[in-house]
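Below, each chain spelled out in residue letters.
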Amino acid sequence: MRVNNMRAAIVAALVVSAAPLAAQNDVHTVCHEFPNNAEARDRCGLVAQALDAAQPQLGILMAGGNPTLGTASTGGVRLGLIPRVSLTGRINVVAARLPDIRQEAEDEAKQFSLPAPAVGANLSIGLTQGFSVAPMIGGLGSIDLLGGVSVLPLELVGDDFGDNAFSWGAGARVGLLRESFVTPGVSVSVMYRKLGNVSFGDVCEGTETQDPTNPNRRLCDGGVGEGDFGEISFGLNNWSTRAAVSKRLLGLGLTAGVGYDKFDTDADFAVRGPVLVNNAPVERVYRFGDVAVENDRWSAFLNGSFTVLVASLVGEVGWMQGTDPIEGFPDESDFDAKEGTFFGSLGFRLSL
């Protein structure tokens with residue numbers, strides 16, 4: 001009995017001691033590193049908010065709204081061995097907004113806005129044509145395989161960003177109703193996407209050396225080097241679910257839908273903050289690795305298309321909801337985390 005009690009006490013002690021370590025790697029609590037440094041803590045809150053806001057905005061940039069622009073109807077299967085195939089080239093744009101974490105931001109509470117682009121292609125392959133319940137009412141249970149690739153040309157956006165980032169995705173779409181003369185197309189899709197590493201800001205343009213007094217703190221060129229006051233670097237994983245309905249008449253079509261996305265990231269995070277050395281303020285660089293960032297968002301989208309034979313020109317507009325700011329984000333900032341994000345697409349689709 002005494003041995004069991006001792007084991008339980010050891011386990012409880014380990015859990016209690018591990019809890020602060022886990023909390024330090026969460027974007028909402030990473031800024032607790034600065035309990036007695038108000039200026040560094042405020043800067044950290046701005047950079048953490050920039051990271052938390054950038055993740056879903058880049059996620060919806062690579063995902064877009066409709067996984068197959070211009071239609072919600074599954075492709076079904078042709079007679080013979082060749083399935084129906086749809087190939088779409090698209091350009092996505094997101095009206096991205098972040099707290100400005102750059103050195104040139106004279107007011108650290110300002111908002112940084114820019115249109116962020118992505119260029120990609122989507123493929124759908126019809127596997128099954130589903131069941132018909134009546135003449136011209138079919139497609140129940142039809143299945144399409146979905147795939148996609150895209151590139152975020154960050155090098156074209158500005159010098160504050162890192163290298164171009166690539167993403168890929170795969171999933172499936174299940175038909176509830178195939179579009180016909182009398183019925184709309186209705187479907188539900190699920191896709192997994194992965195985005196490579198992106199970065200924004202550079203806290204130290206020179207070399208860094210370890211500060212022996214703090215494992216998270218570094219010196220930048222002896223504490224004098226130039227750089228932004230914040231830096232973020234991350235990739236992300238995205239699970240996106242879409243429900244859509246579409247109808248076409250005389251070559252003109254409309255598609256409307258809603259989406260739900262879950263994003264998760266392990267990010268690298270850095271902030272420049274002042275510390276007192278011999279009673280004088282000196283800039284230091286604080287770095288944190290594997291900071292966990294998780295977000296989920298609802299979105300809505302609308303497609304308009306014009307089709308001639310097997311070719312369609314499609315435009316899309318959409319909106320993704322915002323969320324509450326993270327703990328420690330300064331109230332006086334121009335950036336409002338609760339505001340939604342607008343996105344759009346322009347694409348050309350071939351359906352064979």
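Report follows, based on the coordinates. (Residues numbered from 1 in each chain as written. Predicted model: local features only at pLDDT ≥ 70, side-chain atom pairs only at ≥ 80, totals over all residues. Heavy atoms only, no water.)

## Comments concerning helix α2 (residues 38–63)
End to end, α2 covers 38 Å across 26 residues, agreeing with the expected 38 Å (1.5 Å per residue, within 8%). With 22 of its 26 residues buried, α2 lies for the most part within the structure. Where α2 terminates, the next one or two residues include Gly-64, which has phi positive at roughly 65 degrees. (Helix = DSSP H or I, 4+ residues; strand = E, 2+ residues; numbered from the N terminus. Expected span 1.5 Å × (residues − 1). Buried < 20%, exposed > 50% of the residue type's maximum accessible area, 1.4 Å probe, protein only.)

## A short note on the state of the cysteines
Scanning the entire structure with this criterion turns up one disulfide. Residue Cys-31 pairs covalently with Cys-44 via a disulfide, S to S 2.1 Å. On the sign convention where negative is left-handed, the bridge of Cys-31 and Cys-44, at about -90 degrees about the S-S bond, is left-handed. You can see Cys-31 sitting in the loop between α1 (2–24) and α2 and its partner Cys-44 sitting in helix α2, a full 13 residues away along the chain. For the pair formed by Cys-31 and Cys-44, the shared burial category is buried. (Disulfide = S-S within 2.5 Å.)

## Remarks on the pairing of strand β7 (residues 217–220)
Two faces make up the sheet, and in a regular strand the side chains alternate between them. Note: strand β6 (residues 208–210) against β7, three bridges, orientation antiparallel. Bridge pairing links Glu-208 to Cys-220 in β7. In this antiparallel pair of consecutive strands, β6 and β7, the connection spans six residues. (Pairing = 2+ DSSP bridges.)

## So, the pattern of salt bridges
Evaluation of the coordinates by the stated rule reveals nine salt bridges. Close ionic contact of Glu-339 with Arg-97 constitutes a salt bridge, the shortest N to O distance being 3.7 Å. With Glu-339 in the loop between β11 (311–320) and β12 (341–351) and Arg-97 in strand β1 (residues 85–99), this residue pair connects regions lying 242 residues apart in the sequence. Relative accessible area serves as the criterion here: at 9%, Arg-97 is assigned to the buried category. Of the charged contacts, one joins Asp-261 and Arg-242 as a salt bridge, the two residues approaching to 2.9 Å between their closest N and O atoms. Taken together, the residues span a long stretch of sequence, with Asp-261 in strand β9 (residues 252–277) and Arg-242 in strand β8 (residues 230–249) at a distance of 19 residues. On the accessibility criterion, Asp-261 (1% relative accessible area) is buried. Connected through shared salt-bridge partners, Glu-208, Glu-231 and Arg-287 make up one network. (Salt bridge = Lys/Arg side-chain N within 4 Å of Asp/Glu carboxyl O.)

That is the geometry; function is a separate question.
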